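Letter by letter, the chains look like this.
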Amino acid sequence: MGTSIGLLHPGAMGAAIGGLLADRHPVSWVSAGRGPATRRRAEEAGLTEVADLAALAGCDVILSVCPPSAALDVARSVAGFAGTYVDANAISPRHAEEIGELLPRATVVDGGIVGPPPRTAGTTRLYLSGPAAGVAGLFDGTALRVVPLDGPVGRASALKLAFASYNKLTYALAAQAHALAERHGVGGELRELAADVLPDTPFGAPGGITSAGRRAWRWEGEMAEIAAACADAGLAPELVTAAQAVFARWRDHRDDDGVDLDALLRALVS
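A few points on the structure. Residue numbers here run from 1 along each chain, matching the order of that chain's written sequence. Totals for whole chains, interfaces and linings use all residues, but because this is a predicted model, local features are given only for residues with pLDDT of at least 70 and pairs of side-chain atoms are given and counted only at 80 or more. Side-chain descriptors were evaluated using all non-hydrogen atoms of the structure, hydrogens and water having been removed beforehand.

Details of the pairing of strand 7 (residues 124-129)
Here's step 1: In this scheme, a residue with accessible area under 20% of its type's maximum is buried, one over 50% is exposed, and one in between is partly exposed, where area comes from a 1.4 Å probe on protein chains only. Helix and strand assignments come from DSSP, with helices taken as H or I runs of at least 4 residues and strands as E runs of at least 2, each series counted from the N terminus. Counting buried positions along strand 7 yields five of six residues, so the element is predominantly enclosed.
Here's step 2: Here, a strand pair is defined by DSSP locating no fewer than two bridges between the strands. Pairing analysis gives five bridges linking strand 6 (residues 107-114) to strand 7, with the strands arranged antiparallel. Considered in strand 7, the bridge of D110 is made with S129.
Here's step 3: Strand direction decides the pairing type here: strand 7 and strand 8 (residues 144-148), joined by five bridges, are parallel. In the strand pairing of strand 8, L128 is matched with P148.

Next comes the structure, spelled out in structure tokens:
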């Protein structure tokens, strides 16, 4: 029968991870309050629909993969759960610890996902900290590489946010630079220069900025978590909050497959 798993909630990343597990374990998702796009993703991933959160009470594992700003509320929604709860969201180490306080009956595992939705081996890692031994084996033989870390809840989140603080800020910096050049009529020249000197970066291959623009609604919240983690560590958060402000200007392009680079650069100019 396998390990029974509840998935909260199947966005692009969550559905892909749930699909890996559904090949060998029963994976349930809650349809109440979810839209047609979520239903489509869940059906394509082979997940089992249940009506409400109460139906997940008997699951062995609940996996939370949601926007960072929703992570605490999602944990609160299953506050009485007594199984293993894996929070795999881009949240600060302090918030990861708070989730443990919100779920006093559960075994809480801290997770951090690095990479795109895992459809091909070698692209995506799931770091785990805390009591992760019972979770890591669920993904054996799948496209998702699981990396357990020694130490308590919060370490996986810290590693995820440290990586994202560099990786995602590069897109904000690249977009700001291209927007500045466009504003002064030298956008084409900057694109040629960056492609020649830094071809393998978001600056030199700005087509990647369009992908960032579609996901910026989620990255904005992630920057808030990184800024909080920096402040908690005694580091200056201002660099990250500036990137958060850049991503906030792309909110209207959430999941907009038709947006192009020029539209995103125009959105940065107030």
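From this point, the narrative continues.
Quick look at the packing of aromatic side chains
Here's step 1: Classification of ring pairs rests on two measures: the distance between centres of Phe, Tyr or Trp rings, Trp counted by its six-membered ring, which must be within 6.5 Å, and the angle between planes, read as stacked under 30 degrees, edge-to-face over 60 and tilted in between. One pass over the full model with this rule turns up three aromatic pairs.
Here's step 2: With a centroid separation of 6.0 Å and 50° between ring planes, the pair formed by F247 and W250 is classed as tilted. The pair F247 / W250 is uniform in exposure class, with both members buried.
Here's step 3: Pairwise contacts between aromatic rings join Y171, W219, F247 and W250 into one cluster.
Here's step 4: Each ring is checked for a lysine NZ or an arginine CZ that lies within 6 Å of its centre and within 35 degrees of its normal; such an atom marks a charge sitting over the ring. Stacked on the ring of W217, the Lys or Arg R218 has its end atom at 5.6 Å from the ring centre.
Here's step 5: The aromatic ring of W217 is capped on one face by R254, whose charged end is 3.6 Å from the ring centroid.

Side note on the packing of helix 6 (residues 155-183) against helix 7 (residues 187-197)
Here's step 1: Fitting a line to C-alpha atoms yields each axis, with helices limited to the stretch in contact; the angle taken between N-to-C directions then spans 0 to 180 degrees. Put simply, helix 6 and helix 7 touch, their axes get as near as 7 Å, and they point 140° apart. With respect to helix 7, the element helix 6 is oriented oblique. Here A177, H178, A181 and E182 of helix 6 come into contact with helix 7, specifically with G187, G188, L190 and R191.
Here's step 2: Of the residues in the contact of helix 6 with helix 7, the class split is three nonpolar, three polar and two charged. Should an angle lie under 35 degrees it is considered roughly parallel, over 145 roughly antiparallel, and from 65 to 115 roughly perpendicular; all remaining angles are considered oblique. In this description, contact between two residues means that some pair of their heavy atoms is separated by no more than 4.5 Å. When residue character is reported, Ala, Val, Leu, Ile, Met, Phe, Trp, Tyr, Cys and Pro are called nonpolar, Asp, Glu, Lys and Arg charged, and the others, Gly included, polar.

Regarding the sheet that holds strand 8
Here's step 1: Across the sheet, which stays open at both edges, the eight strands sit in the order 3-2-1-4-5-6-7-8 with mixed pairing between neighbours. This sheet does not close on itself; its edge strands, each paired only once, are strand 3 (48-50) and strand 8. If you compare each strand with its neighbour and ignore which way they point, the axes differ by 25° on average.
Here's step 2: Relative to strand 6, strand 5 (residues 84-87) runs parallel, the two being bridged by four bridges. Its bridge partner lying in strand 6, D87 is registered against D110.
Here's step 3: Contacts between helix 1 (residues 12-22) and the sheet are confined to strand 1 (5-8), strand 2 (27-30), strand 4 (61-64), strand 6 and strand 8, with strand 1 contributing the most and set at about 165° to the helix.
Here's step 4: Strands in contact with helix 6 are strand 6 and strand 7; relative to strand 6, the strand with the most contacts, it is inclined by about 15°.

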